[in-house]
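Spelled out, the chains give:
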Amino acid sequence: MLQLILGRAGAGKTTHVHRLLRDFVRDGQQGLILLIPEQDSFAAERSMLALLGERGAQAVEVLSFTHLAEAVFRSCGGSRGRELSES
């Protein structure tokens, strides 16, 4: 299920998402994905570890948009194709 959480800055979106994930993990749900921007991946993984503990954090996969695409390609057998060089 895709759930969009919308709101202005400071409205409590991140806190709400963390509470939802904590409740899902407590209910024993697996295969949870937290989709975040590239630059926030390390901080999001750290916050999941702090919030859920080592065992609970394993139930939540923190993915950036690039890593989500790579995971879909891996699971569906697709190819990423050739990447453009810096030039």
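Note: the structure precedes this text.
Residues numbered from 1 in each chain as written. Predicted model: local features only at pLDDT ≥ 70, side-chain atom pairs only at ≥ 80, totals over all residues. Heavy atoms only, no water.

(A) Representation of the environment of Lys13 in the model. Mapping Lys13 onto the fold places it in helix α1 (residues 13-26). On the accessibility criterion, Lys13 (27% relative accessible area) is partly exposed. Excluding its chain neighbours within four sequence positions, the residues that come into contact with Lys13 are Ile5, Leu6, Gly7 and Arg8. (Helix = DSSP H or I, 4+ residues; strand = E, 2+ residues; numbered from the N terminus. Buried < 20%, exposed > 50% of the residue type's maximum accessible area, 1.4 Å probe, protein only. Contact = heavy atoms within 4.5 Å.)

(B) Main features of the pairing of strand β1 (residues 32-36). On β1, burial follows the alternation: Leu32, Leu34 and Ile36 on one face are buried, whereas Ile33 and Leu35 on the facing-out side are not. Across five bridges, the pairing between β1 and strand β2 (residues 60-64) is parallel. Across the sheet, the residue bridging to Ile36 is Ser64, located in β2. (Pairing = 2+ DSSP bridges.)

(C) Structural view of the nonpolar core. In this structure, Leu21, Val25, Leu32, Leu34, Ile36, Ala44, Met48, Leu52, Ala59, Val60 and Val62 together form the largest nonpolar core, which totals 11 residues. Of all elements in the fold, only α1, β1, α2 (41-57) and β2 reach the threshold of two or more residues within this core. Excluding anything up to four places from it in sequence, Ala44 contacts Leu34, Ile36 and Val62. (Core = buried A, V, L, I, M, F, W, Y, C linked by side-chain atoms within 4.5 Å.)

(D) Up close: a nonpolar patch on the surface. Together, Leu2, Leu4 and Leu6 give the surface a local cluster of nonpolar side chains, amounting to about 430 Å² of exposed area. Of the residues examined, Leu4 reaches a relative accessible area of 65% and is grouped as exposed. (Patch = residues over 30% accessible without salt bridge, like charges linked within 9 Å, V, L, I, M, F, W, Y side chains within 5 Å. Areas by Shrake-Rupley, 256 points an atom, 1.4 Å probe, with all protein chains shown as cover. Salt bridge = Lys/Arg side-chain N within 4 Å of Asp/Glu carboxyl O.)

(E) Here's a closer look at α1. Over its 14 residues, α1 runs 20 Å from end to end, which matches the ideal 20 Å to within 8%, given 1.5 Å per residue. Backbone geometry just after α1 places Gly28 at a positive phi near 85 degrees. (Expected span 1.5 Å × (residues − 1).)

(F) Representation of the environment of Leu21 in the model. Residue placement: Leu21 occurs in helix α1. Overall, the relative accessible area of 6% leaves Leu21 in the buried class. For the pair Leu21 and Leu34, spaced 13 residues apart in sequence, the C-alpha to C-alpha distance is 8.7 Å. In this structure, Leu21 is in contact with Leu32, Leu34, Met48, Leu52 and Val60, ignoring residues within four places of it in sequence.

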